[in-house]
Amino acid sequence: QVQLVESGGGLAQPGGSLRLSCVASGFSFSIYVMNWYRQAPGKARELVASITPSGGNTNYADSVKGRFTISRDNGRNTVYLQMNSLKPEDTAVYYCKVTPGTYTYWGQGTQVTVSS
C-alpha cells in the first residue's frame, strides 16, 4: 500500500533552516508529481511546493518563493523540502502528498515551529 513518511520537522528560530524529508513506498515514485502542503492552526491546508517526476520543474507558493527549495531523489524514493530564512508564519504541520491514480495519499505530517 502507498505510504508517505515525513520527518525533519522541529523548532527553529526565525531566520533559521530546516530540511524536511518524505520517504515514499507502495507506488512508482519516479513517475509522479510530488507535493508539499502545510496547515497552520485554524487555517486551511495550502500547497507549498510541487516537483515534476524528473525534478526538472518546480512550483512554489508566493509566500515561500526564494526561501524554500523542493527536490527529489528518485533512487531513494524521497522528496525533500529545504526551508531557509524561516519566519514565524511558516509554523504549521507539513505534509507530503501524491496522487498515483484515482486516489490521493497524504503522509502523517511533521510539525514545524518557528519561534524565538
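Summary of the structure given here. The structure presented is a predicted model; accordingly, all values stated were derived computationally and were not measured.

Some remarks on the state of the cysteines
Right, on to step 1. The final tally for this structure, using the stated rule, is one disulfide.
Right, on to step 2. For Cys-22, the disulfide goes to Cys-96, at an S-S distance of 1.9 Å. What sets the handedness of the Cys-22 and Cys-96 disulfide is the S-S torsion sign, and at about 55 degrees it is right-handed. Within this pair, whereas Cys-22 is found in strand β3 (residues 18-25), its partner Cys-96 is found in strand β9 (residues 92-98), the two being separated by 74 residues in sequence.
Right, on to step 3. The exposure class of Cys-22 is buried, given its relative accessible area of 0%.
Right, on to step 4. Here Cys-96 falls in the buried class, since its relative accessible area comes to 0%.

Remarks on the pattern of salt bridges
Right, on to step 1. On inspection of all chains with the given rule, the structure shows five salt bridges.
Right, on to step 2. Of the charged contacts in the structure, one is a salt bridge between Arg-38 and Glu-46, with a shortest N-O distance of 2.7 Å.
Right, on to step 3. Assessed through its relative accessible area of 34%, Glu-46 is described here as partly exposed.
Right, on to step 4. Note that Arg-38 and Asp-90 form a salt bridge whose closest N and O atoms lie 2.9 Å from each other. Placement of Arg-38 in strand β4 (residues 34-39) and of Asp-90 in the loop between β8 (78-83) and β9 is noted, with a sequence separation of 52 residues between them.

A look at unusual backbone geometry
Right, on to step 1. Notably, Asn-77 is not glycine yet its phi reads approximately 50 degrees, a positive angle.
Right, on to step 2. Looking at the element boundaries, Asn-77 is found in the loop between β7 (68-73) and β8.
Right, on to step 3. The exposure class assigned to Asn-77 is partly exposed, which follows from its relative accessible area of 26%.
Right, on to step 4. Phi is positive for Ser-85, close to 50 degrees, though the residue is something other than glycine.
Right, on to step 5. In this fold, Ser-85 is placed in the loop between β8 and β9.

Here we look at the sheet that holds strand β1 (residues 3-7)
Right, on to step 1. Read across the sheet, four strands follow the order β1-β3-β8-β7 without closing on themselves; strand pairing throughout is antiparallel. Across the chains shown, the open sheet's two edge strands, defined by having one partner strand only, are β1 and β7. This sheet shows a mean twist of 15 degrees between the axes of neighbouring strands, independent of strand direction.
Right, on to step 2. Here six bridges tie β7 to β8, and the two strands are oriented antiparallel to one another. Following the sheet pairing, Asp-73 is matched in β8 by Thr-78.

Here we look at the environment of Ile-31
Right, on to step 1. In this fold, Ile-31 is placed in the loop between β3 and β4.
Right, on to step 2. Residues Ile-31 and Ser-54 lie 23 residues apart in sequence; the distance between their C-alpha atoms is 7.7 Å.

Procedures and definitions
- Residues numbered from 1 in each chain as written.
- Predicted model: local features only at pLDDT ≥ 70, side-chain atom pairs only at ≥ 80, totals over all residues.
- Heavy atoms only, no water.
- Disulfide = S-S within 2.5 Å.
- Helix = DSSP H or I, 4+ residues; strand = E, 2+ residues; numbered from the N terminus.
- Buried < 20%, exposed > 50% of the residue type's maximum accessible area, 1.4 Å probe, protein only.
- Salt bridge = Lys/Arg side-chain N within 4 Å of Asp/Glu carboxyl O.
- Pairing = 2+ DSSP bridges.
- Axes fitted to C-alpha atoms, helices over the stretch in contact; angles between N-to-C directions.

Honestly, that's just the spatial picture; any functional story needs more than this.
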